[in-house]
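Listed here are the chains, written in short residue letters.
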2 protein chains.
Amino acid sequence: VTPVSQHPLDPRPRRDETSWIRFLADLWGPSGAEVGVGDDCAVLPPDRYALSTDVLAEGVDFHRGWAPPEALGHKALAANLSDLAACGASPRFLFLTLGIPRDLEDAWVEGLARGMRDLAAREGLGLAGGDLSASASGLFLSLTVLGSQESAPLLRSGGRPGDLLFVGGPLGGARAGLGLFLGGRSLVEFSQKNQGRDEDGLMHRFFSPPTQTALGRFLASEGLATCAMDISDGLAADLRKLGASSNCGAEVDLLTLPLEPGLQDLAPAGETAHRCALRGGEDQVLLFAAAPAAARRMMETPCPVFPVGRLTPPEEGFTLLLSDGKRVELELGGYDHFAP
Amino acid sequence: VTPVSQHPLDPRPRRDETSWIRFLADLWGPSGAEVGVGDDCAVLPPDRYALSTDVLAEGVDFHRGWAPPEALGHKALAANLSDLAACGASPRFLFLTLGIPRDLEDAWVEGLARGMRDLAAREGLGLAGGDLSASASGLFLSLTVLGSQESAPLLRSGGRPGDLLFVGGPLGGARAGLGLFLGGRSLVEFSQKNQGRDEDGLMHRFFSPPTQTALGRFLASEGLATCAMDISDGLAADLRKLGASSNCGAEVDLLTLPLEPGLQDLAPAGETAHRCALRGGEDQVLLFAAAPAAARRMMETPCPVFPVGRLTPPEEGFTLLLSDGKRVELELGGYDHFAP
């Protein structure tokens, strides 16, 4: 810690840029890069890389008061890891960019970094660089992750009518957690392990989606998925994107839709559990299609997967099969950053 | 253009996320990535990559009113390219993350993207991905660039006492331009080509540093530089970083310091031309050291380089050699994002 910068009205010493870089590099330890933190660029070992980048902005994607900073660090990284998993890549390097408002305490930013580091350590992700800036207003995090792409990448294109659709975990939990935060609740403590079926568990689910790395690698290395993506804007919205890329329609079967444990008792006011599962965002689990002949191999996946429907010819559009056998249009309801 | 999202009080149609992605992908054209814009990750061709990431925040690094949006797009990308040049890498891929405040007009963001694209096209940089978000307040840009690292990377370490120091262009222009903006001036039109010796030229210099890509590649492929970095926080501050990484001190010769044309007549109030050159930030030219025996080869560089001093034993510290032969301590004066 090199406290050199201090606000005239604030008696606490504050970290400067050099001190932040040292703190982060020490927290992560060696990155595995040929050249890592501290030079103009990182130089990465020769490989075929998958790369994803994701940004979270305060007041848009989260509010500071919802949870301890560790939870936010965990969530920001988990969202990026989910994209690597959706290509079947193995996590290797993280580049972390933070815009830090002047009113934010050092200890809060340190907690955020620790939450991120704990997940990074589990996933084998080295910190190879980034950038730090002041922010004139809210906190923002911009993460870039690189993974080794050892198998042919899982793409959004490639699905065929008749393929079965699966998801890599129960749905709707993140939406229900968000509803609790919007209703004024907050998380007092954050644990990477919490999977409770109560309100606390749902709030954790918002910040801590299940890891899909092993599932993505398995599907890619075994060549089992015809197309894949991760669900971040809600099943209904993301299925339309997957279908569009694969030139297919899709039918979702309401009966088999896997609901987050506890969701039926704790869905937010004005929402049903099924609506959370269909239209809630940020579930961050894989959505993929597989040929019917591959269905029995879904018993071998490294985490449970759940059937949710099938791809159809494109002219059939996107439909929801109700429990009484009726078909209705699959309503959109995903999140658009630029909607009014 | 798919105008779907509209503010109730704003009659103009606004682009949604999908429309922005299509606009950007069309503007750039094919990226050269195996998988590019539109899937969960980009998948890059196998290679040894140098990677740099850089963020610019409104109200911290720039104000919207200083110049047309093309200028800001150009500057943001130029700062990243300067880091690739400092490693001797060849630009390949850009990942563009934008946090867009709701009060910012689509046309402004389009201009920013065009300014960036014009420079990217000249430098052979494909757009392979990114992320778009609303911002609760100011605009922010977070760029990640990857370059092919064909030669051994230029590093900050490796310089030896006695090595000669060079810079890849005149200094102080960006600081003088910033002074004009802070004094209330602004650029009405932006041209990538403006190199005038007047106020307009200095304001352009702030947004448009000279390209150093060819210089970096030449130094790396010929093995001519013992250490290198790009100047972004001012020569005095960055030379201390280069010296620290190389375990050297350094002496700067005031007589040979190359000043931006026009700077002596137009230095901002309270600054001298030399002070701008020594302490001004954002010059974005290379600073490197070479063994004395390599000095004559500096006639062969693809752009002019200028001698500015030499590395010294670490115990001699960082000094400035004045025109009367006296030595004084090289004053710090770089920019720290977290200084009060």
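Because the structure is predicted, anything quoted here is derived from the model rather than measured.

Draft legend 1. Quick peek at the overall build of chain A. Across its full length, chain A carries 9 helices and 14 strands. Against the compact-globule benchmark of 20 Å for 340 residues, chain A has a radius of gyration of 21 Å, which places it among compact chains. Its C-alpha atoms give chain A principal-axis dimensions of roughly 70 × 50 × 35 Å. When the 340 residues of chain A are sorted by exposure, 59% land in the buried category. Contacts in chain A between residues at least 24 apart in sequence constitute 83% of all its contacts with a sequence separation of at least 6. When the accessible surface of chain A is summed, it comes to about 13,000 Å², and 51% of that surface belongs to carbon and sulfur atoms. Positive and negative side-chain charges in chain A, numbering 29 and 44 respectively, have mean positions lying 3 Å apart.

Draft legend 2. Spatial organisation of the sheet that holds strand S13 (residues 318–321) of chain B. All names here are of chain B. Taken together, 7 strands build an open sheet; the order of strands is S9-S11-S8-S12-S10-S13-S14 and the sheet is mixed. Sheet topology places strand S9 (227–230) and strand S14 (327–329) at the edges, where each strand pairs with a single neighbour. Pairwise comparison of adjacent strand axes, ignoring direction, gives a mean angle of 25° for this sheet. Bridge count between strand S10 (residues 249–253) and strand S12 (residues 306–312): 4 bridges; the pairing is antiparallel. Looking at the pairing, Gly249 lines up with Thr312 of S12. Helix H2 (residues 69–87) contacts S9 and strand S11 (286–290) of the sheet and is inclined by roughly 180° relative to S9. Across the sheet, helix H7 (residues 235–246) is in contact with strand S8 (164–167), S9, S10, S11, S13 and S14; its angle to S9 comes to roughly 145°.

Draft legend 3. Main features of the state of the cysteines. Under the definition given, this model contains 0 disulfides over all chains. Looking at the unpaired Cys303 of chain A, the closest cysteine sulfur is the one in Cys87 of chain A, lying at 17 Å. Since its relative accessible area comes to 17%, Cys303 of chain A is described here as buried. No disulfide involves Cys227 of chain B; its sulfur sits 7.0 Å from the nearest other cysteine sulfur, which is in Cys248 of chain B.

Draft legend 4. The arrangement of the packing of aromatic side chains in detail. All names here are of chain B. Applying the stated criterion across every chain yields a total of 17 aromatic pairs over all chains. A ring pair is formed by Trp66 and Phe181, whose centres lie 5.1 Å apart and whose planes are at 10°; its orientation type is stacked. Of this pair, Trp66 sits in the loop between strand S4 (49–57) and H2 while Phe181 sits in helix H4 (residues 173–182), and the two are 115 residues apart along the sequence. Exposure class is identical for Trp66 and Phe181. Each is buried. Taking the centre distance of 5.5 Å and the plane angle of 20° together, the rings of Phe166 and Phe288 count as stacked. Of this pair, Phe166 sits in strand S8 while Phe288 sits in strand S11, and the two are 122 residues apart along the sequence. Residue classification places Phe166 among the buried positions, given a relative accessible area of 6%. Since its relative accessible area comes to 0%, Phe288 is described here as buried.

Draft legend 5. Structural view of the relation of the copies chain A and chain B. Each copy superposes on the other: chain A lies on chain B with an RMSD of 0.0 Å after a rotation of 180° and an axial shift of 0.0 Å. Here the copies are linked by what is in effect a two-fold axis. In terms of proximity to the rotation axis, the leading residue of chain A is Asp47 of chain A, whose C-alpha is 2.8 Å off the axis. When you check the interface residues of chain A against chain B, 100% turn up at the interface there too, and the contact is symmetric in its surfaces.

Draft legend 6. Quick look at the environment of Ala250 of chain B. Residue and element names in this part refer to chain B. Mapped onto the fold, Ala250 is located in strand S10. For Ala250 and Phe306, which are 56 residues apart along the polypeptide, the C-alpha to C-alpha distance reads 16 Å. Apart from the residues within four sequence positions on either side, Ala250 is in contact with Leu165, Leu239, Arg310, Leu311, Thr312, Gly317, Phe318 and Thr319.

Draft legend 7. A look at the sheet that holds strand S10 (residues 249–253) of chain A. Residues and elements named next belong to chain A. Across the sheet, 7 strands lie side by side as S9-S11-S8-S12-S10-S13-S14; this open sheet has mixed pairing. Pairing within the sheet leaves two strands with one partner each, and these edge strands are strand S9 (227–230) and strand S14 (327–329). When the angles between neighbouring strand axes are averaged without regard to direction, this sheet yields 25°. Alignment of strand S13 (residues 318–321) against S14, held across 3 bridges, turns out to be antiparallel. By the bridge assignment, Leu321 is partnered in S14 with Arg327. Its contacts with the sheet put helix H7 (residues 235–246) on strand S8 (164–167), S9, S10, strand S11 (286–290), S13 and S14, and the angle it makes with S9 is roughly 145°.

Draft legend 8. The packing of helix H2 (residues 69–87) of chain A against helix H3 (residues 106–123) of chain A, seen in detail. Residues and elements named next belong to chain A. Close contact between H2 and H3 brings their axes to 6 Å; oriented N to C, the two are set at 40°. Classified by the angle between their axes, H2 and H3 sit oblique to one another. Note on packing geometry: the crossing formed by H2 with H3 is right-handed. Residue-level inspection shows Pro69, Glu70, Leu72, Gly73, His74, Ala76, Leu77, Ala78 and Leu81 of H2 in contact with H3, the latter providing Trp108, Gly111, Leu112, Gly115, Met116, Leu119, Ala120, Arg122 and Glu123. Grouping the amino acids of the contact of H2 with H3 by side-chain chemistry returns 11 nonpolar, 4 polar and 3 charged.

Draft legend 9. Layout of the nonpolar core. Among the nonpolar cores identified, the biggest contains 80 residues, and Leu77, Met116, Leu141, Phe207 and Leu287 of chain B are the most heavily contacted of them. Ranked by residue count, the leading element in this core is H2 of chain B, at 8 residues. Those residues in contact with Met116 of chain B, other than ones at most four positions away along the chain, are Trp28, Gly73, His74, Ala76, Leu77, Leu94, Leu96, Leu141 and Leu143 of chain B. Counting 53 residues, the second largest nonpolar core, distinct from the first, contains Trp20, Trp28, Ala71 and Leu98 of chain A.

Draft legend 10. Representation of the pairing of strand S12 (residues 306–312) of chain A. Where S8 of chain A meets S12 of chain A, 4 bridges bridge the pair, whose relative direction is antiparallel. Bridging from a neighbouring strand, Phe166 of chain A pairs with Pro307 of chain A of S12 of chain A.

Draft legend 11. Geometry of the interface of chain A and chain B. Residue-level contacts link 68 residues of chain A with 68 residues of chain B. Of the roughly 5,100 Å² buried between chain A and chain B, counting both surfaces, carbon and sulfur atoms make up 56%. At the junction of chain A and chain B, the tally comes to 6 salt bridges. Taking the shortest distance from any N to any O, the salt bridge between Arg156 of chain B and Asp39 of chain A comes out at 3.9 Å. Top element by residues in the side of chain A that touches chain B is strand S4 (residues 49–57) of chain A. It accounts for 8 residues. Of the residues that constitute the side of chain A that touches chain B, the class distribution is 34 nonpolar, 17 polar and 17 charged. Here 2 bridges tie S4 of chain A to strand S3 (residues 42–43) of chain B, and the two strands are oriented antiparallel to one another. Paired with Leu51 of chain A across the strands is Ala42 of chain B, a residue of S3 of chain B.

Draft legend 12. Looking closely at the environment of Ala291 of chain A. Residue placement: Ala291 of chain A occurs in the loop between S11 and S12. Setting aside chain neighbours within four positions, we find Ala291 of chain A in contact with Arg160, Asp163 and Thr226 of chain A.

The rules behind each value
Residues numbered from 1 in each chain as written. Chains lettered and ligands numbered in written order. Predicted model: local features only at pLDDT ≥ 70, side-chain atom pairs only at ≥ 80, totals over all residues. Heavy atoms only, no water. Helix = DSSP H or I, 4+ residues; strand = E, 2+ residues; numbered from the N terminus. Rg over C-alpha atoms; globule rule 2.2 N^0.38 Å. Buried < 20%, exposed > 50% of the residue type's maximum accessible area, 1.4 Å probe, protein only. Contact = heavy atoms within 4.5 Å. Areas by Shrake-Rupley, 256 points an atom, 1.4 Å probe, with all protein chains shown as cover. Lys, Arg positive; Asp, Glu negative; His and termini not counted. Charge placed at Lys NZ, Arg CZ, Asp CG, Glu CD. Pairing = 2+ DSSP bridges. Axes fitted to C-alpha atoms, helices over the stretch in contact; angles between N-to-C directions. Disulfide = S-S within 2.5 Å. Phe/Tyr/Trp six-rings, centres within 6.5 Å; stacked < 30°, edge-to-face > 60°. Least-squares fit on C-alpha atoms with pLDDT ≥ 70 in both. Parallel < 35°, antiparallel > 145°, perpendicular 65-115°, else oblique. Left-handed = near helix turned anticlockwise from the far one by under 90°. Nonpolar A, V, L, I, M, F, W, Y, C, P; charged D, E, K, R; others polar. Core = buried A, V, L, I, M, F, W, Y, C linked by side-chain atoms within 4.5 Å. Buried area = accessible area lost by both parts, 1.4 Å probe. Salt bridge = Lys/Arg side-chain N within 4 Å of Asp/Glu carboxyl O.

Just distances and angles here, no functional claims.
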